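Per-entry structural report
Residue strings, one per chain:
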Amino acid sequence: MRPIRAACLGTATALVTLLACVPVAAASATDTGSAHAEGKDKGKDKVITLIGRLAEQSRFPVNPGGAPAQGDRTVVRSVLFDEAGNEVGETGGTCTTTRVENGGAEVCIVTYTLPGGQLSVQGMVYGHLVPGPPPSFDNGITGGTGEYDRARGSVHADTIAPGTRRFTIDLKH
């Protein structure tokens, strides 16, 4: 299959954007602790707010030129910024359509590459085939590396402009 470039921010793109690589230290955060299990702030939570801007998106449809189908795949990369507009990282991931009826559903796996390590995020995104702005979603943090080696929590994403999402990363310890 040949990749088809998409100009709009789809649900898959939104999830990948959500999972953008973020240097947490440079991001706007309400620091109530460290994500690292062995760190001095063990047992505390941290909330990080980032703005993700879609940088690249390629679609790999099962039926090129046809209707959406189970198995369609989207590969996405986003650049992450803190609330002051400073670039702090990027995300990369893939989303695979699992359902086309009722607005569609897709499962996404995204990695945030951060200065102190990486965060892995995974989950379902619903409504990606509905016209209009991509829907909000919540996905789970499944792990990480470096200072995030035992990270858990969730990521919430909201579309704030075309190709732009606000990600709220809630790290639990």
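The structure we're discussing is the one just above.
A brief look at the structure comes next. Everything numeric here is computed off the predicted structure, so don't read it as measured data. (Residues numbered from 1 in each chain as written. Predicted model: local features only at pLDDT ≥ 70, side-chain atom pairs only at ≥ 80, totals over all residues. Heavy atoms only, no water.)

**A look at the overall build of the protein**
The helix and strand inventory of the protein stands at one helix and 10 strands. Put simply, the protein runs from its N terminus to its C terminus through helices and strands in the order β-α-β-β-β-β-β-β-β-β-β. Burial status across the protein gives 45% buried among its 173 residues. Considering only contacts in the protein between residues 6 or more positions apart, those separated by 24 or more positions represent 56%. Working note: accessible area of the protein is about 8000 Å², and carbon and sulfur atoms make up 50% of it. (Helix = DSSP H or I, 4+ residues; strand = E, 2+ residues; numbered from the N terminus. Buried < 20%, exposed > 50% of the residue type's maximum accessible area, 1.4 Å probe, protein only. Contact = heavy atoms within 4.5 Å. Areas by Shrake-Rupley, 256 points an atom, 1.4 Å probe, with all protein chains shown as cover.)

**Re the nonpolar core**
Of all hydrophobic cores here, the largest spans 21 residues; its most connected members are Y112, L119, I141, V155, I169 and L171. Residue assignment for this core shows that the elements contributing at least two residues are β3 (45-60), β5 (87-99), β6 (105-114), β7 (117-126), β8 (137-144), β9 (152-161) and β10 (164-172). (Core = buried A, V, L, I, M, F, W, Y, C linked by side-chain atoms within 4.5 Å.)

**A short note on the packing of aromatic side chains**
Following the criterion strictly, the structure yields zero aromatic pairs and no others. When the ring centre of F81 is taken as origin, the NZ or CZ atom of R53, which lies over that ring, is 4.4 Å away. Geometry around F60 places R73 over its ring, the cationic atom sitting 4.9 Å from the centre. (Phe/Tyr/Trp six-rings, centres within 6.5 Å; stacked < 30°, edge-to-face > 60°. Lys NZ or Arg CZ within 6 Å of the ring centre and 35° of its normal.)

**Quick word on the state of the cysteines**
Across all of its chains, the model carries one disulfide by this definition. The side chain of C95 participates in a disulfide bridge whose partner is C108; the two sulfur atoms lie 2.0 Å from each other. For the disulfide bridge between C95 and C108, the dihedral angle about the S-S bond is near 120°, and by the sign convention the bridge is right-handed. One end of the pair, C95, is in strand β5; the other, C108, is in strand β6, with 13 residues separating them in the sequence. For the pair C95 and C108, a shared accessibility class is recorded, and that class is buried. (Disulfide = S-S within 2.5 Å.)

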